[in-house]
Amino acid sequence: MSDLNHIVDDARVAFASATRPADLENEKAKFLGKDGALTKELKALGALPVEEKKIRGAAVNQVRQQVEALLNEARNALAEAALNQKLATEQLDVTLPGRGLAAGGIHPVTRVTRRVAAIFRSMGFEVADGPEIENDWYNFTSLNSPENHPARSMQDTFYVEDKDEHGRPLVLRTHTSPMQVRYARQHTPPIKVIAPGRTYRVDSDATHSPMFHQVEGLWIDKAISFADLKGVYTTFLMRFFEDDNIQLRFRPSYFPFTEPSVEIDMAFGSGPNAGKWLEISGAGQVHPTVIRNFGLDPEEYMGFAFGSGLERLAMLRYGVNDLRLFFENDLRFLGQFK
Ligand code: DAH
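Residues numbered from 1 in each chain as written. Predicted model: local features only at pLDDT ≥ 70, side-chain atom pairs only at ≥ 80, totals over all residues. Heavy atoms only, no water.

Considering the layout of surface pockets
Put simply, the largest pocket is a space of about 880 Å³. Taken together, 41 residues line the largest pocket, and the ones lying closest to its centre are Thr174, His175, Arg201, Gln214 and Phe255. In terms of residue class, the lining of the largest pocket is made up of 14 nonpolar, 19 polar and eight charged. Roughly 240 Å³ of volume is contained in the second largest pocket. Along the wall of the second largest pocket there are 16 residues; nearest its centre are Thr113, Pro196, Gly197, Arg198 and His213. At the level of secondary structure, the elements contributing two or more residues to the lining of the second largest pocket comprise helix H5 (108-122), strand E5 (191-200) and strand E6 (211-221). (1 Å grid on protein atoms, 1.4 Å probe; cavity = no way out; pocket = protein on both sides within 12 Å on 5 of 7 lines; lining within 4 Å. Points joined across faces, edges and corners; volume = space filled by probe spheres on them. Nonpolar A, V, L, I, M, F, W, Y, C, P; charged D, E, K, R; others polar. Helix = DSSP H or I, 4+ residues; strand = E, 2+ residues; numbered from the N terminus.)

In structure tokens, the structure reads:
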């Protein structure tokens, strides 16, 4: 018997020394595991004569119950200690006022893009999306830009190191105009679409950012004229600014992909600022070469295109005087558009 009592004493000491549940389970194995002290005693019973086996068996069983009781006690003690520790360190003051949730907002450029899309949709235009990494055929050649056009120079355009699968140079699109060609080649007239999105140029000052947004517009059918451009664009701006008295100027200009071409300026400001104009769009009648690149016959189809700066529209609508504010992510600025 004395050797069995020893097992209980050993277990008491071993269980008390375990400070973590995993340690305790390891200690348990030393007594109740496959090679544990008690398991050995149980196995040894088999070799005893019947009478002795009964007596010894009862004793071993009693010891086992004691060890198991000790084990349970130790487990409970560890669990309780862990709980107390948690309660002591993770204090929760349920009387504190809540922190509240800050409401997010839509970026002013996104807001303006959605507004532009909604207005053009209401005038029957589709809204299309296209790649920002563009090959130089869509970005320049298809739009009738000669090989030596200055816009192609390394100073104005971000070139990508890779070439496309036909070996053509890749650029970060410098305008949304390549979407005219992409869209027209996949659709049949009448073609009536706008394509808003990001564009990139090596440029940075109060009215230029290396990344900016444009919205391209294109309406091609059998008899879409410059008068349609004036009507559609003026209607768009009146609705965009919620003002029927806006003043516009269609100023003669040059683009390789339109003939004739204009720049559209809008008067803004009052008081000392009165009489100032801001250019918001290039536009014109699509050049016959570009119509041909649409896969259409310029003798049969004609129409207008425009490409407008979305930040410019946002600046005028919200009275922002520096375009870079849109991209600095200063919450004091952005929070005003919530
Ligand atoms: N792509 C021109 C630019 O980024 C803007 C432009 C001018 C677009 C005339 C047009 C257009 O569609 O007809 O400066």
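A short note on the domain arrangement of the protein
Partitioning the protein into domains gives domain 1 (5-89) and domain 2 (108-337). Taking the mean C-alpha position of each, domain 1 and domain 2 sit 81 Å from one another. (Domains from an automatic or database assignment.)

Side note on the pairing of strand E4 (residues 169-172)
Two strands pair when backbone bridges link them, and strand E2 (residues 133-135) and E4 are joined in this way by three bridges, in the antiparallel orientation. Bridged to asparagine 135 within E4 is leucine 170. As paired elements, strand E3 (residues 159-163) and E4 share three bridges and run antiparallel to each other. Paired with tyrosine 159 across the two strands is valine 171, which belongs to E4. The hairpin formed by E3 and E4 contains five residues between the paired strands, and glycine 167 there has a positive phi angle of roughly 80°. (Pairing = 2+ DSSP bridges.)

Structural notes on the sheet that holds strand E7 (residues 248-255)
If you trace the seven strands from one edge of the open sheet to the other, you get E1-E5-E6-E10-E9-E8-E7, paired in mixed fashion. Whereas interior strands pair on both sides, the edge strands pair on one side only; in this sheet they are strand E1 (126-127) and E7. Bridge count for strand E8 (residues 258-268) against strand E9 (residues 276-286) is nine bridges, and the pairing is antiparallel. Across the sheet, aspartate 265 pairs through a bridge with glutamate 279, a residue of E9. Packed onto the sheet, H5 meets E1, E5, E6 and strand E10 (302-309) and runs at close to 170° relative to E5. The strands touched by helix H10 (residues 310-318) are E5, E6, E8, E9 and E10; relative to E9, the strand with the most contacts, the crossing angle is about 145°. (Contact = heavy atoms within 4.5 Å. Axes fitted to C-alpha atoms, helices over the stretch in contact; angles between N-to-C directions.)

A few points about the packing of aromatic side chains
This model, assessed by the stated rule, comprises 17 aromatic pairs. Summarising the aromatic geometry, the rings of tyrosine 318 and phenylalanine 337 are spaced 4.9 Å apart at their centres and angled 75° between planes, so their arrangement reads as edge-to-face. Of the two residues, tyrosine 318 sits in helix H10 while phenylalanine 337 sits in the segment after helix H11 (331-334), which places them 19 residues apart along the sequence. Here phenylalanine 337 falls in the buried class, since its relative accessible area comes to 10%. With 6.5 Å between their ring centres and 65° between their planes, phenylalanine 326 and phenylalanine 327 make a pair best called edge-to-face. Using a relative accessible area of 26% as the deciding quantity, one classes phenylalanine 327 as partly exposed. Here a set of aromatic residues connected by ring pairs shows up, and it is made of Phe120, Phe125, Trp219, Tyr233, Phe236, Phe240, Phe241, Phe304 and Phe306. (Phe/Tyr/Trp six-rings, centres within 6.5 Å; stacked < 30°, edge-to-face > 60°. Buried < 20%, exposed > 50% of the residue type's maximum accessible area, 1.4 Å probe, protein only.)

A look at helix H8 (residues 226-240)
Look at H8: 21 Å from first C-alpha to last across 15 residues, which is about the 21 Å you get at 1.5 Å a residue. Backbone nitrogen of alanine 227 and a side-chain oxygen of the N-cap are separated by 3.1 Å at the start of H8; the cap is serine 225. Downstream of H8 by a residue or two, glutamate 242 has a phi angle that is positive, lying close to 50°. (Expected span 1.5 Å × (residues − 1). Polar contact = N/O pair within 3.5 Å; in protein donor to acceptor, adjacent residues only side chain to side chain.)

Concerning the environment of leucine 96
With respect to the helices and strands, leucine 96 occurs in the loop between helix H4 (50-89) and H5. A residue is classified by how much of its surface remains accessible, and leucine 96, at 58% relative accessible area, is exposed. Taking the C-alpha atoms as reference points, leucine 96 and alanine 128, 32 residues apart in sequence, are found 50 Å from one another.

Here we look at the pairing of E8
Summarising burial for E8: eight of the 11 residues are buried, a large majority. Sheet topology note: the E7/E8 ladder contains seven bridges and is antiparallel. Opposite arginine 249, over in E8, you have aspartate 265 as the bridge partner.

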